[in-house]
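Geometric and topological summary
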Amino acid sequence: MQLNDLRPAEGAKKNRKRVGRGNSSGNGTYAGRGLNGQLSRSGGGKGAGFEGGQQPLAMRLPKLPGFRNINRVEYAPVNVSRLDAIFADGDVVDGASLVEKGVIKNDYIPVKVLGDGEITKALTVRVDKVSASAKAKIEAAGGKVELPC
């Protein structure tokens, strides 16, 4: 047996019904649609989601409140306690150094330093945003905040 000898089983493949191709085909004149009415017309019939005059499901369900702001900027949060644990005294904290230490994945993501925890090292912080409490803690430890980077 060769690949070119393979055939589908008998009766497995049927030709599609070709309607509207003359009366001798058995499906001429009205092409199996009947005489009159909405379903006999081209483009006729009810649309998807029509439920026989009942209120459609899409209209019965509650709509979500509010809206999604397409201009929202999502910051990668980093706490001062994390900076204290990872960086040495006198280091510069910026996007590239945070990626190098594995704190964030990419340096094109904007970073915001938050004030959770304590910091004891004097660091120079050059990131996109710093919260007021984080700025106070960094400056109290002898570091400085340079905004924007």
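Everything here concerns the structure above.
Summary of the structure given here.

**Quick word on the pairing of strand E1 (residues 76-79)**
Residue alternation in E1 divides its side chains into a buried set, Ala-76 and Val-78, and an unburied set, Pro-77 and Asn-79. Pairing of E1 with strand E3 (residues 111-114), which is carried by 4 bridges, proceeds in the parallel orientation. Bridge pairing in E3 places Val-78 opposite Val-113.

**Focus on the sheet that holds E1**
Read across the open sheet, the 3 strands follow the order E1-E3-E5; overall the sheet is parallel. In this open sheet, the two strands that pair with only one neighbour each are E1 and strand E5 (129-130). Inspection of the sheet shows E3 paired to E5 by 2 bridges, in the parallel sense. Within the sheet, the bridge partner assigned to Lys-112 lies in E5 and is Lys-129.

**Some thoughts on the nonpolar core**
Counting residues in hydrophobic clusters, the biggest one holds 19 residues, and the most contacted among them are Leu-83, Leu-98, Val-113 and Val-125. Elements supplying a minimum of two residues to this core: E1, helix H2 (80-86), E3 and helix H4 (132-140). When sequence neighbours within four positions are dropped, the list of residues in contact with Leu-98 reads Leu-83, Phe-87, Val-93, Val-103, Ile-104, Val-111 and Val-127.

**Overview of the side chain of Ser-131**
Among the secondary structure elements, Ser-131 is positioned in the loop between E5 and H4. Here Gly-115 takes part through its backbone nitrogen, which lies 3.5 Å from a polar atom of the side chain of Ser-131. Not counting residues within four places of it along the chain, the set of residues in contact with Ser-131 comprises Lys-112, Val-113, Leu-114 and Gly-115.

**Thoughts on the packing of aromatic side chains**
Evaluated as defined, the whole model comprises 0 aromatic pairs. Over the face of the ring belonging to Phe-50 we find Lys-46, whose NZ or CZ atom lies 4.6 Å from the ring centre.

What counts, and where the lines are drawn
Residues numbered from 1 in each chain as written. Predicted model: local features only at pLDDT ≥ 70, side-chain atom pairs only at ≥ 80, totals over all residues. Heavy atoms only, no water. Buried < 20%, exposed > 50% of the residue type's maximum accessible area, 1.4 Å probe, protein only. Helix = DSSP H or I, 4+ residues; strand = E, 2+ residues; numbered from the N terminus. Pairing = 2+ DSSP bridges. Core = buried A, V, L, I, M, F, W, Y, C linked by side-chain atoms within 4.5 Å. Contact = heavy atoms within 4.5 Å. Polar contact = N/O pair within 3.5 Å; in protein donor to acceptor, adjacent residues only side chain to side chain. Phe/Tyr/Trp six-rings, centres within 6.5 Å; stacked < 30°, edge-to-face > 60°. Lys NZ or Arg CZ within 6 Å of the ring centre and 35° of its normal.

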